[in-house]
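Chain and residue survey
As a plain string of letters, each chain reads:
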Amino acid sequence: DVKVTQSSRYLVKRTGEKVFLECVQDMDHENMFWYRQDPGLGLRLIYFSYDVKMKEKGDIPEGYSVSREKKERFSLILESASTNQTSMYLCASSFVGTGGENEQFFGPGTRLTVL
Amino acid sequence: GQNIDQPTEMTATEGAIVQINCTYQTSGFNGLFWYQQHAGEAPTFLSYNVLDGLEEKGRFSSFLSRSKGYSYLLLKELQMKDSASYLCARRDDYKLSFGAGTTVTVRA
């Protein structure tokens, strides 16, 4: 079974703090993704990575950065947390297969509250 | 965004059938996913359609019309455990664009 794990289920930080959200997958997937999920807005893509050290901006990258030094690990960084970054953060990974299905497997999520 | 539209909420009775519709922009389309998400949990994969027609998987079926930019998820013989949010997602290469989700409530 594919397993995607995230470092914390719940996190409370203060405005201006630097925040690291870690994600690890154990299925040797090439692609990894960071989303945030807010009521009424659904999942919105922040950043994704299709290989080690490669990254591309998603739909809402402002205020975030990412790091992918190893294939299995994809980190989301909030350089200076703000209250509007309070949200549920979901990590996902997928395999680039010949079938092209590219099913994404999701981690359990990190609920971040910025005070 | 990709203008992916689906209803916000639906309510149905245990044992009934519910159809969740999803419309999307057709340009650059590479496939349509449906995910199920129970409250407080991660989304889990339900189905994937890339060709026109109906795909059946037990009590769940998914339909796609590429020319119309339209899909639906059909849930049959509803059970209480089917109460969840259902997410429609359009695939562009290896990126997914999600709709806001449809919350389905199953009542006894």
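Reference entry: report on the structure contained in this document. (Residues numbered from 1 in each chain as written. Chains lettered and ligands numbered in written order. Predicted model: local features only at pLDDT ≥ 70, side-chain atom pairs only at ≥ 80, totals over all residues. Heavy atoms only, no water.)

Some words on the overall build of chain A
Tallying secondary structure elements over chain A gives 0 helices and 11 strands in all. Ordered by position from N to C terminus, the α and β elements of chain A give β-β-β-β-β-β-β-β-β-β-β. Considered along the principal axes of its C-alpha atoms, chain A spans approximately 45 × 30 × 25 Å. For chain A, restricting intrachain contacts to residue pairs at least 6 apart in sequence, the fraction spanning at least 24 positions comes to 56%. Charge-centre separation for chain A: the mean point of 15 positive side chains lies 8 Å from the mean point of 16 negative side chains. (Helix = DSSP H or I, 4+ residues; strand = E, 2+ residues; numbered from the N terminus. Contact = heavy atoms within 4.5 Å. Lys, Arg positive; Asp, Glu negative; His and termini not counted. Charge placed at Lys NZ, Arg CZ, Asp CG, Glu CD.)

Section: the sheet that holds strand 2 (residues 18-23) of chain B
Residues and elements named next belong to chain B. Spatial ordering of the open sheet is given by 2-7-6-5, a layout of 4 strands whose pairing is antiparallel. Edge positions in the open sheet fall to strand 2 and strand 5 (53-57), since each of these has one partner strand only. Sheet twist, expressed as the average angle between the axes of neighbouring strands with direction ignored, equals 15 degrees. In this sheet, strand 7 (residues 70-75) lies alongside strand 6 (residues 60-65) in antiparallel orientation, the contact comprising 6 bridges. Pairing of S61 across the sheet is with L74, part of strand 7. (Pairing = 2+ DSSP bridges. Axes fitted to C-alpha atoms, helices over the stretch in contact; angles between N-to-C directions.)

With respect to the interface of chain B and chain A
Accessible area lost during the coming together of the parts is what is often quoted as the interface size. With 17 residues of chain B at the contact, the number on the chain A side is 22 residues. Counting the surface lost from both chain B and chain A, the interface buries some 1600 Å², and carbon and sulfur atoms represent 58% of this. Three residues, Y94, K95 and F98 of chain B, lead the burial of chain B against chain A; their summed loss comes to 36% of the area buried on that side. Along the contact surface separating chain B from chain A lie 0 salt bridges. Remark: the boundary between chain B and chain A carries 3 residue pairs in polar contact (both at pLDDT 80 or more). Listing elements by their share of the side of chain B that touches chain A, those giving two or more residues are strand 3 (32-37), strand 4 (44-49), strand 8 (84-92) and strand 9 (95-98) of chain B. Residues of the side of chain B that touches chain A, tallied by class, amount to 11 nonpolar, 3 polar and 3 charged. (Buried area = accessible area lost by both parts, 1.4 Å probe. Salt bridge = Lys/Arg side-chain N within 4 Å of Asp/Glu carboxyl O. Polar contact = N/O pair within 3.5 Å; in protein donor to acceptor, adjacent residues only side chain to side chain. Nonpolar A, V, L, I, M, F, W, Y, C, P; charged D, E, K, R; others polar.)

Here we look at the state of the cysteines
Such a bond, covalent and formed between the sulfur atoms of two cysteines, is termed a disulfide. Under the criterion given, the structure shown has 2 disulfides over all chains. Two residues share a disulfide in this structure: C23 of chain A and C91 of chain A, whose sulfurs sit 1.9 Å from each other. Residues C23 of chain A and C91 of chain A share a disulfide whose torsion about the S-S bond is about -75 degrees; that sign makes it left-handed. Remark: C91 of chain A occurs in strand 9 (residues 87-94) and C23 of chain A occurs in strand 3 (residues 19-25); sequence separation between them is 68 residues. The pair C23 of chain A / C91 of chain A is uniform in exposure class, with both members buried. Note that C22 of chain B is cross-linked by a disulfide to C88 of chain B, the S-S spacing being 1.9 Å. Judged by the sign of its S-S torsion, about -65 degrees, the cystine formed by C22 of chain B and C88 of chain B is left-handed. (Disulfide = S-S within 2.5 Å. Buried < 20%, exposed > 50% of the residue type's maximum accessible area, 1.4 Å probe, protein only.)

A look at the environment of T105 of chain B
With respect to the element layout, T105 of chain B can be found in strand 10 (residues 102-107). A relative accessible area of 32% means that T105 of chain B is categorised as partly exposed.

Digging into the pattern of salt bridges
Note that side chains of opposite charge can pair when their charged atoms are close. Taken as a whole and assessed by the stated rule, the structure comprises 9 salt bridges over all chains. Between R90 of chain B and D92 of chain B there is a salt bridge, with the nearest N and O atoms lying 2.4 Å from each other. Per residue, the accessibility class of R90 of chain B equals that of D92 of chain B, and both read buried. Several salt bridges share partner residues, and in doing so they unite R36, D38 and R44 of chain A into one network.

Looking at the sheet that holds strand 3 of chain A
Residue and element names in this part refer to chain A. Taken together, the 4 strands give an open sheet; going across it, the order is 1-3-8-7, and neighbouring strands pair in antiparallel fashion. Only two strands of the sheet have a single partner each, and these edge strands are strand 1 (4-6) and strand 7 (65-70). Pairwise comparison of adjacent strand axes, ignoring direction, gives a mean angle of 20 degrees for this sheet. Judged from the 3 bridges that link them, strand 1 and strand 3 form a sheet pairing that is antiparallel. Directly across from T5, in strand 3, lies its bridge partner V24.

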